[in-house]
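One letter stands for each residue in the lines below.
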Amino acid sequence: MSAAAGGGLRYAYNTNGMTSHRLPDALALLADTGYDGVALTVDVAHHDPFAPRLAARTAALARRLDRLGLGSTVETGARFLLDPRRKHEPTLVTPDPAGRARRLAFLRLCVDIAADLGSEAVSFWAGVPAPGTDTSPGGTAWRHLADGVRAVVAYAAEWGVAAAFEPEPGMLVEDCADWSRLAALVPGLRLALDTGHCLVTGDVTPHRAVLSHAGDLGAVAVEDMPRGRHEHRAPGEGDMDLPAVLGALRAVRYGGLVSLELSRDAHRADVLVPGALRALRHAERIGTGGVPAAPAAHGAGSPGGAR
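Heads up: these notes are all about the structure in this document. Because the structure is a prediction, the values reported are computed rather than measured.

Turning next to the environment of Met-171. Take Met-171: it is sitting in the loop between strand S5 (162-165) and helix H5 (176-185). With a relative accessible area of 10%, Met-171 lands in the buried category. Spatially, the C-alpha atoms of Met-171 and Ala-126 are 6.3 Å apart, while their sequence positions differ by 45 residues.

Applying the stated criterion across every chain yields a total of 3 aromatic pairs. Note on Phe-50 and Phe-106: the rings are 6.4 Å apart at their centroids and 45° apart in plane angle, and the pair reads as tilted. In this pair, Phe-50 is assigned in the loop between strand S2 (37-41) and helix H2 (54-68) and Phe-106 in helix H3 (residues 97-117), connecting sequence segments 56 residues apart. The class for Phe-106 is buried, based on a relative accessible area of 3%.

Moving on, we come to helix H1 (residues 23-33). Buried residues of H1: Leu-23, Ala-26, Leu-27 and Leu-30, and no others. Down the axis of H1, the buried side of the element spans an arc of 95°, and every buried residue falls inside it. Residues of H1 that are buried sit in contact with strand S1 (10-14), S2, H2 and helix H9 (269-287). Two residues or fewer after H1 comes Gly-34, characterised by a positive phi angle close to 115°.

Within S2, 5 of the 5 residues are buried, leaving the element largely enclosed by the surrounding structure. What you see with S2 is no split at all: Gly-37, Ala-39 and Thr-41 on one side and Val-38 and Leu-40 on the other are buried throughout. Sheet topology places S1 next to S2; 3 bridges connect them, and they run parallel. Counted as the bridge partner of Ala-12 is Gly-37 from S2. In terms of handedness, the path from S1 via H1 over to S2 forms a crossover that is right-handed. Handedness of the β-α-β unit built from S2, H2 and strand S3 (residues 71-75) comes out right-handed.

Glancing now at the sheet that holds strand S8 (residues 257-260). Ordered by their spatial adjacency, 8 strands build a closed barrel running S1-S2-S3-S4-S5-S6-S7-S8, and the pairing between neighbours is parallel. Strand-to-strand twist of the sheet, defined as the mean angle between neighbouring strand axes without regard to direction, takes the value 30°. The strands touched by H3 are S2, S3 and strand S4 (121-124); relative to S3, the strand with the most contacts, the crossing angle is about 175°. On top of the sheet, helix H4 (residues 140-158) reaches S4 and S5; it is set at about 150° to S5, its chief contact.

Scoring rules and cut-offs
Residues numbered from 1 in each chain as written. Predicted model: local features only at pLDDT ≥ 70, side-chain atom pairs only at ≥ 80, totals over all residues. Heavy atoms only, no water. Helix = DSSP H or I, 4+ residues; strand = E, 2+ residues; numbered from the N terminus. Buried < 20%, exposed > 50% of the residue type's maximum accessible area, 1.4 Å probe, protein only. Phe/Tyr/Trp six-rings, centres within 6.5 Å; stacked < 30°, edge-to-face > 60°. Arc of directions from axis to C-beta. Contact = heavy atoms within 4.5 Å. Pairing = 2+ DSSP bridges. Right-handed = clockwise from strand over helix to strand, strands pointing away. Axes fitted to C-alpha atoms, helices over the stretch in contact; angles between N-to-C directions.

Note that every value here comes from positions in space, so none of it alone points to a role or purpose.
As structure tokens, then:
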């Protein structure tokens, strides 16, 4: 029985941290371990949206998720899916109109997938502005971004899918304050809050971000990170106060999936998948006063192997 069945948080694991597993095997591992869902990164490794028979494959995936009792969110952060030579390009702030249109078409396709899967949300982000781009409020980058995000939110609303925008360190929208500026321009936009990113940007503490944006949350991730460095790490390997964050999520009665994104650790998914879930549930009990705090464990599993 999952923790959620007893009133706890619902945990998911991002498939970008399981790229050494076939998708059916990854889903089975998550279900057998006790996760409540999966954060599906639509990519070349798992559910390639540009491979043949997408509709049939998505229908089959929906049936499999239902049999396994897994909820889902759809993640759009594939590194080289749209351009094999430029990471994460093109984006909604790419100067080339054709590039922005390509990103928008991809995001709409991800909304289609999410609708067919019955996913809770689609998560997406801004992108890194090209050198020389006007990034001031009201400048070129912000105008392009707002136009693209409005189109995504409108399309998602047609299909009953939550469009959740994620602040990413180093991108045009990199913290919660930037998200608030964008949300003021795009009614209906939800927040995809990666609490680890708060440790990188330092604008607000992770648990305070949860409390301040409780009504905005459309998706949440809680992997660990070292303060000031954008490195996704397993629970216990960074500076995240997980009990405080998970306690805050419980306090605001967040009912969506809470995911882990460990994209550089696919080589040790066999130990991280179960180890991380144990660590999260332990931290949640501490954060809600269920057990006294134990000495911090250093990581959720064996480090082993090259990244």
